[in-house]
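Architecture and fold: a report
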Amino acid sequence: MMIPRLKESKKWSSLPKELLEQIEGIFAETFEKNLSNCKVIAQGRIYSKELLLRVGYIEAGRLKQNNFECSFPYSKSKDNVMNLVHAGIDSLGSMMQEHFSKKETDFPEDWTEFKVENKILFLKFSTENSDLEEQANKLLGLHEEGLVKGNDPKEDIDVAKKTMGIDED
């Protein structure tokens, strides 16, 4: 499960499937030599104040998935999503390049701020298996359909109060 950087990031929309497939193709082609026996996985979410992008790979027959993740501050009125996605691809590509070129890499496992080309972004590394997480969520009935996913606990409380006829006025 992708974990957003901002605590207030609750409701989200996924980046389009076609875009994620293109990103997977870019990484598979760019790192073809290193990923010949691997599946590349791209995921992305747009929250009200954050854009989250993850590119990972998993070797055939393995459970551990190596994920490179970035988070950008996002404002619907100021930012172009595709520009942020492109900056994310570049940053995650640099992380992956470093990962493959060095035997030992020490990437942050918590969101860490970086400044790249006058943009502030946050990067981290994780080893969560996306497919296993998705299967577990389906078994637990946590798989969400629709365009907007996630929940806002305050909104849930407000709906519950209205349902029960509780009025705070």
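As a starting point, this report considers the structure included with it. (Residues numbered from 1 in each chain as written. Predicted model: local features only at pLDDT ≥ 70, side-chain atom pairs only at ≥ 80, totals over all residues. Heavy atoms only, no water.)

Concerning the packing of helix α1 (residues 17–30) against helix α2 (residues 81–101)
Remark: α1 packs on α2, axes separated minimally by 12 Å, with the N-to-C direction vectors making an angle of 30 degrees. Taken together, the axis directions place α1 and α2 in an arrangement best described as roughly parallel. Handedness of the α1/α2 crossing: right-handed. For the pair formed by α1 and α2, the contact residues are L19, I23 and F27 on the first element and M82, V85, I89, L92, G93 and M96 on the second. Residue classes in the contact of α1 with α2 are distributed as eight nonpolar, one polar and no charged. (Axes fitted to C-alpha atoms, helices over the stretch in contact; angles between N-to-C directions. Helix = DSSP H or I, 4+ residues; strand = E, 2+ residues; numbered from the N terminus. Parallel < 35°, antiparallel > 145°, perpendicular 65-115°, else oblique. Left-handed = near helix turned anticlockwise from the far one by under 90°. Contact = heavy atoms within 4.5 Å. Nonpolar A, V, L, I, M, F, W, Y, C, P; charged D, E, K, R; others polar.)

Considerations on the sheet that holds strand β5 (residues 112–116)
Overall, antiparallel pairing links the six strands, which are arranged β1-β2-β3-β4-β6-β5 in an open sheet. Both edges of this open sheet fall to β1 (13–14) and β5, since each of them pairs with a single strand only. Looking at chain direction, strand β3 (residues 50–59) and strand β4 (residues 65–73) are connected through nine bridges and run antiparallel. In the sheet register, E50 faces β4, and the bridge partner there is P73. Lying over the sheet, α2 contacts β2 (38–46), β3, β4 and β6 (119–126), oriented at roughly 35 degrees with respect to β3. (Pairing = 2+ DSSP bridges.)

Comments concerning the pattern of salt bridges
Counted according to the given criterion, the structure contains four salt bridges. Its salt-bridge partner being D131, residue K39 comes within 2.9 Å of it at the nearest N-O pair. Placement of K39 in strand β2 and of D131 in helix α3 (residues 130–139) is noted, with a sequence separation of 92 residues between them. Judged by relative accessible area, which is 43%, K39 ranks as partly exposed. Between E69 and R54 there is a salt bridge; the shortest N-O distance is 3.2 Å. With E69 in strand β4 and R54 in strand β3, the pair connects residues that are 15 residues apart, well separated along the chain. A relative accessible area of 1% means that E69 is categorised as buried. Residues participating in the shared-partner salt-bridge network are R54, E69 and E128. (Salt bridge = Lys/Arg side-chain N within 4 Å of Asp/Glu carboxyl O. Buried < 20%, exposed > 50% of the residue type's maximum accessible area, 1.4 Å probe, protein only.)

Geometry only, nothing functional implied.
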